[in-house]
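Understanding the architecture of this molecule
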Amino acid sequence: MSTPLPSLPPGFRAIVVGASGALGAAFTEALRSDRHCAHVLALSRQSTPGVDFNDMDSVARAAETARQHGPCHLLVVATGMLHGASGLPEKRLTQLDPAHMQASFNVNAIGPAMVLAHFTPLLARQERSLVAVLSAKVGSISDNRLGGWYSYRAAKAALNMLVKTAAIELGRSHPQAVLAALHPGTVASPLSEPFGDARTKRAPTQAVAALLHVLDGLRPEHSGQLWSHDGQPLPW
Ligand SMILES: NC(=O)c1ccc[n+]([C@@H]2O[C@H](COP(=O)([O-])OP(=O)(O)OC[C@H]3O[C@@H](n4cnc5c(N)ncnc54)[C@H](OP(=O)(O)O)[C@@H]3O)[C@@H](O)[C@H]2O)c1
């Protein structure tokens, strides 16, 4: 079978953070089926070591373990939170709750930023490497026409800025690396389950195939942007 990532060196190594989620599991599965991929480290709250954004030290501990597998060529950050124990996405300002906002920022922005901080030093320096951070089109400030979903939108907008900023720094230390924020489209998953029409949602495997194709085509000059699953750049 041909590899979905022919631009990466044969025998490349991958790390998926958030591997228990619908998209994270589909990324893990696609990479494990790829003969060009020598190793996939699938990390989640359930894995050993675990990555849990309620315990930020777990990110550093997991990165220390990941270092033992050697330089990494693909890092996927597939964590995210739209609803949960802290609440549902807000429709109106009167529904804003600081605890839900904090939980959303923690999982959607701060956690992924800490993954970038601890895992990008593991990227191969002498070869091409790719970092994909799952974001969302609703985090685009200029594309916001409907309002609502305050915490999720704001946390994803913060994530987008963190990706843009980290891409500038990464470009200096790893000139062959590409760091991209990705919008997967509307995908069937626990995150999207309470919202929208199930018939309009794509399967995670289908979304991941599209995202890997987009990633593979990105060059270092494309680093630090938000890309849609159809290969189009999205406005911040
Ligand atoms: N599905 C869509 O339609 C859609 C659309 C646009 C963007 N996205 C983005 O795509 C990404 C993946 O979403 P998905 O649809 O695959 O959602 P999902 O199935 O709900 O997966 C979410 C992942 O985030 C992890 N996570 C949640 N809270 C965490 C925490 N405190 N610490 C560590 N990990 C935590 C979950 O771990 P547990 O399994 O332990 O809970 C799970 O691995 C997210 O960034 C989401 O915003 C999705």
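Note: the structure precedes this text.
1. Description of the nonpolar core
Counting 31 residues, the largest nonpolar core has Ile15, Leu75 and Phe119 as its most contacted members. Put simply, the parts of the chain that give this core at least two residues each are β1 (12-17), β2 (37-43), α2 (57-67), β3 (74-77), α3 (98-119), β4 (129-134), α4 (150-173) and β5 (177-183). The residues touching Leu75, leaving out its near neighbours within four places in the chain, are Ile15, Val17, Val115, Phe119, Leu123, Leu130, Val131 and Ala132. Residues Ala26, Val76, Val208 and Leu211 belong to the second largest nonpolar core, which totals 30 residues.

2. Some remarks on α3
The end-to-end C-alpha separation of α3 is 29 Å, in line with the 32 Å expected for 22 residues at 1.5 Å each. Most pronounced at Asn106, the bend in α3 amounts to some 45°. Turning to α3, its buried residues number three or more, namely His100, Ser104, Asn106, Val107, Asn108, Ala109, Gly111, Pro112, Ala113, Val115, Leu116 and Phe119.

3. Description of the pairing of β5
Taking burial as the measure, the seven residues of β5 include seven buried ones, the bulk of the element. With burial as the criterion, each face of β5 is covered, one bearing Ala177, Leu179, Ala181 and His183 and the other bearing Val178, Ala180 and Leu182. One ladder, built from six bridges, connects β4 with β5; its direction is parallel. The residue of β5 that forms the bridge with Ala132 is Ala180. Regarding the hand of the β-α-β motif, the stretch spanning β4, α4 and β5 is right-handed. As judged from the four bridges shared by β5 and strand β6 (residues 225-228), these two strands associate in the parallel manner. Residue pairing for β6: Ala181 is matched across the bridge by Leu226.

4. Points about the pattern of salt bridges
Any two side chains of opposite charge can pair, on the condition that their charged atoms come close. Summed over the entire model, instances satisfying the criterion amount to four salt bridges. Measuring nitrogen to oxygen at the nearest pair gives 2.8 Å for the salt bridge that ties Asp55 to Arg61. Judged by its relative accessible area of 47%, Arg61 is partly exposed. A salt bridge links Asp197 to Arg199; the nearest nitrogen and oxygen atoms lie 2.8 Å apart. Arg199 sits in the exposed class, given a relative accessible area of 76%.

5. Here we look at the packing of helix α1 (residues 22-32) against helix α5 (residues 204-217)
Packed helices, taken two at a time, are described by the angle their axes make and the gap between the axes. It is at 9 Å that the axes of α1 and α5 come closest, and there the two elements cross at 65°. Considering the relative orientation of α1 and α5, their crossing is right-handed. Here Ala22, Leu23, Ala26, Phe27 and Ala30 of α1 lie close against α5, whose contacting residues are Pro204, Thr205, Ala207, Val208, Leu211 and Leu212. When its residues are assigned to classes, the contact of α1 with α5 shows 10 nonpolar, one polar and no charged.

6. Some words on the packing of α2 against α3
Taken N-terminus to C-terminus, the directions of α2 and α3 make an angle of 35°; their axes are 9 Å apart at the nearest point. Where α2 crosses over α3, the handedness of that crossing is right-handed. In this structure, α2 uses Val59, Ala60, Ala62, Ala63 and Ala66 to contact α3, whose residues at the interface are Met114, Val115, His118 and Phe119. In terms of residue class, the contact of α2 with α3 is made up of eight nonpolar, one polar and no charged.

7. Regarding the site of the ligand
Taken together, 28 residues lie around the ligand, and Ser20, Arg45, Thr79, Tyr152 and Ser189 are the ones closest in. The contact in question runs from an oxygen atom of the ligand to an N or O atom on the side chain of Gln46, over 3.0 Å. Take Lys156: an N or O atom from its side chain is 2.8 Å from an oxygen atom of the ligand. Within the complex, 89% of the 900 Å² of free accessible area of the ligand lies under protein. Across the shell around the ligand, the residue classes tally to 13 nonpolar, 12 polar and three charged.

Conventions adopted
Residues numbered from 1 in each chain as written. Predicted model: local features only at pLDDT ≥ 70, side-chain atom pairs only at ≥ 80, totals over all residues. Heavy atoms only, no water. Core = buried A, V, L, I, M, F, W, Y, C linked by side-chain atoms within 4.5 Å. Buried < 20%, exposed > 50% of the residue type's maximum accessible area, 1.4 Å probe, protein only. Helix = DSSP H or I, 4+ residues; strand = E, 2+ residues; numbered from the N terminus. Contact = heavy atoms within 4.5 Å. Expected span 1.5 Å × (residues − 1). Bend = angle between axes of the 7 residues up to and from the residue. Pairing = 2+ DSSP bridges. Right-handed = clockwise from strand over helix to strand, strands pointing away. Salt bridge = Lys/Arg side-chain N within 4 Å of Asp/Glu carboxyl O. Axes fitted to C-alpha atoms, helices over the stretch in contact; angles between N-to-C directions. Left-handed = near helix turned anticlockwise from the far one by under 90°. Nonpolar A, V, L, I, M, F, W, Y, C, P; charged D, E, K, R; others polar. Near = heavy atom within 4 Å. Polar contact = N/O pair within 3.5 Å; in protein donor to acceptor, adjacent residues only side chain to side chain. Areas by Shrake-Rupley, 256 points an atom, 1.4 Å probe, with all protein chains shown as cover.

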